[in-house]
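What the coordinates show
Spelled out from the first residue to the last, the chains are:
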Amino acid sequence: MARVSNLRWLPLLLLSALCLFSNATPLATRQPMCTDFTIPVTIHAQNQDLSVVTAPTFNITVDGTFNIFARYCEPQVNLPYHGDILQFLVHGLTYTNKYWTADGWDRNSWVSWASVSGYPTLAIDCLGSGNSSHPDPNLVVQMQAQVETLHRILTLIRSTNSPLPRRYNKIIYAGHSYGSLLGNALVTKYPTDVNVLVLTGYSSSLVTSINATLLPAQITNPSKFGSLPPEYLQFADKEGFRDTFYHVNDYSEDIFELDYSLQGTMATGEVATITQGLVVASGFTGPVYVVTGKYDTLFCNSGGAVDCGTNTAGFLPNTRQLFPAANPFDVAVLDNAGHCWLMHYAGIIGVVKVMGWLTTVGY
Ligand SMILES: *[C@@H]1O[C@H](CO)[C@@H](O)[C@H](O)[C@H]1NC(C)=O
Ligand SMILES: *[C@@H]1O[C@H](CO)[C@@H](O)[C@H](O)[C@H]1NC(C)=O
Ligand SMILES: *[C@@H]1O[C@H](CO)[C@@H](O)[C@H](O)[C@H]1NC(C)=O
């Protein structure tokens with residue numbers, strides 16, 4: 001029973017055990033134990049001069065100290081062989097760390113499933129999002145500054161100065177959308193910062209326009225974002241948010257409303273440098289798993305025709321070109337889901353797939 005490769009159904013077994021013995025064990029009602037941290041990071045980054053249109057020119061020097069907000073959760077199930085493994089969770093644009101918990105909505109909570117599967121999680125708010133610092137949204141909040149920020153945090157949590165209660169040596173990076181692009185950019189520059197990449201809502205093909213209206217968040221939500229510079233944007237229309245992130249009939253309206261009510265921001269510098277997360281990460285040799293909804297309007301869109309294809313042909317297998325040395329490189333097209341698949345009915349299927357895959361690659 002102790003062989004890691006035999007444990008892929010462990011979460012389901014645990015769940016059935018919890019149901020059978022719920023009178024005898026308090027586990028069924030236990031939640032992951034979460035603590036919030038603010039981690040100061042000092043970075044040096046070479047950002048892009050976005051006013052130069054001829055060729056990307058990385059001559060904007062950023063030297064700064066920023067606060068990064070993170071929520072750390074100890075799992076309710078402790079597995080000794082997971083002792084030094086941490087899932088590091090990075091959200092997409094207009095989201096925060098709450099993407100991974102749906103603010104407590106258990107069925108769509110990645111963190112709850114990780115917890116049941118025995119994984120601790122650290123879900124950050126990216127630079128310029130949520131409770132993290134909001135520096136200049138055009139000059140500072142760009143892909144390279146995000147990469148340096150993650151590099152500092154990951155170095156810290158592997159060190160003896162880690163703010164977390166344990167030191168972690170094996171880091172599973174799970175990203176969604178922009179978080180996945182950032183994962184690609186991170187391992188391109190720092191191939192050994194993380195051991196495993198799980199890239200959700202991602203492929204090597206990203207569309208450049210969406211059918212939605214984006215406006216300064218200070219205008220769309222003045223009570224929450226009134227103090228932000230106008231280059232922090234968000235969706236101004238609920239239907240645009242819906243069309244971009246959701247696939248019709250495959251989700252509950254309640255979770256959609258909750259998700260929209262939690263909407264955060266995106267910085268113009270993030271949008272302008274987004275393709276820096278679609279590069280060939282030839283130095284990364286760890287396992288990579290790309291998991292994307294079949295109807296992802298952003299990453300599986302061929303001139304308006306949206307279809308991710310299959311696990312063997314189409315957008316996801318093509319993404320291997322970005323990770324030529326990954327071992328293994330695996331993909332999963334999730335049926336009945338759009339871009340934010342975690343928020344769909346299929347979310348649970350996707351998360352269970354990811355936890356199972358992790359055990360098959362030895363984590
Ligand atoms: C960056 O380099 C470009 C091309 O050499 C130049 O036009 C631009 O003024 C430089 N920007 C800064 C901030 O130095
Ligand atoms: C930011 O911090 C406040 C106060 O602790 C908290 O209520 C809020 O949920 C946090 N936001 C996020 C995105 O975690
Ligand atoms: C774009 O969004 C508008 C407003 O929600 C909708 O009426 C229209 O059908 C959408 N167009 C496409 C191509 O999806």
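About the criteria used
- Residues numbered from 1 in each chain as written.
- Chains lettered and ligands numbered in written order.
- Predicted model: local features only at pLDDT ≥ 70, side-chain atom pairs only at ≥ 80, totals over all residues.
- Heavy atoms only, no water.
- Helix = DSSP H or I, 4+ residues; strand = E, 2+ residues; numbered from the N terminus.
- Buried < 20%, exposed > 50% of the residue type's maximum accessible area, 1.4 Å probe, protein only.
- Near = heavy atom within 4 Å.
- Polar contact = N/O pair within 3.5 Å; in protein donor to acceptor, adjacent residues only side chain to side chain.
- Areas by Shrake-Rupley, 256 points an atom, 1.4 Å probe, with all protein chains shown as cover.
- pLDDT = per-residue confidence, 0-100.
- Contact = heavy atoms within 4.5 Å.
- Pairing = 2+ DSSP bridges.
- Disulfide = S-S within 2.5 Å.

As named in an unreviewed UniProt entry, the chain is AB hydrolase-1 domain-containing protein, taken from Venustampulla echinocandica.

**Details of unusual backbone geometry**
The step from Asn327 to Pro328 runs through a cis peptide bond, and the omega angle for that step is -5 degrees. If you trace the backbone, Pro328 turns up in the loop between helix H10 (315-318) and strand S13 (329-334). Despite not being glycine, Thr94 shows a phi value in the positive range, around 70 degrees. Tracing the chain through its elements places Thr94 in the loop between strand S3 (85-90) and helix H2 (110-116). With a relative accessible area of 0%, Thr94 lands in the buried category. Positive phi is not limited to glycine here, since Asn336 has a value of about 55 degrees. Structurally, the position occupied by Asn336 is in the loop between S13 and helix H11 (347-360).

**A few points about the site of ligand 1**
In the vicinity of ligand 1, the contacting residues are Asp49, Val52, Thr57, Asn59 and Ile60. Residue Asn59 places a side-chain N or O atom 2.3 Å away from an oxygen atom belonging to ligand 1. Protein burial of ligand 1: of its 360 Å² of free accessible surface, 38% is covered by the chains.

**So, the site of ligand 2**
Around ligand 2 sit Phe69, Thr96, Asn97, Lys98, Asp125 and Asn131, and those are all the residues in its vicinity. Taking Asn97, its side chain carries an N or O atom lying 2.9 Å from an oxygen atom of ligand 2. Calculation on ligand 2 without its partners gives an accessible area of 360 Å², and the protein chains cover 50% of this total.

**A closer look at the confidence of the model for the chain**
Averaged over all residues, the pLDDT of the chain equals 92, while 92% of them reach at least 70. pLDDT under 50 marks residues 1-29. Its contacts with residues more than four places away, or in other chains, come to 25 contacts.

**Regarding the pairing of S13**
Most of S13 is tucked away, with five of its six residues classed as buried. Both strand S10 (residues 288-293) and S13 contribute to a ladder of six bridges, which runs parallel. Looking across to S13, one finds that Val288 is bridged to Phe329.

**Comments concerning the side chain of Asn47**
Tracing the chain through its elements places Asn47 in strand S1 (residues 33-47). For Asn47, the side chain forms a polar contact with the main-chain oxygen of Leu139, separated by 2.7 Å. Asn47 has contacts with Thr57, Phe58, Asn59, Ile60, Val62, Leu139, Val140, Gln142, Gln144 and Ala145, leaving out every residue within four places of it along the chain.

**Things to note about the state of the cysteines**
By the definition in use, this model includes two disulfides. Note on cysteine connectivity: Cys34 is disulfide-linked to Cys73, with sulfurs 2.1 Å apart. Of note, the bridge from Cys34 to Cys73 carries an S-S torsion of about 110 degrees and is right-handed in sense. Remark: Cys73 occurs in strand S2 (residues 60-74) and Cys34 occurs in strand S1; sequence separation between them is 39 residues. Between the sulfur atoms of Cys300 and its disulfide partner Cys308 the distance amounts to 1.9 Å. For the pair formed by Cys300 and Cys308, the shared burial category is buried. Free cysteine Cys126: the closest other cysteine sulfur is in Cys340, separated by 14 Å. When its relative accessible area of 1% is taken as the criterion, Cys126 is described as buried. Considering cysteine sulfurs only, Cys300 is the nearest to Cys340, which forms no disulfide, with 13 Å between them. Look at Cys340 and you get buried, because its relative accessible area is 0%.

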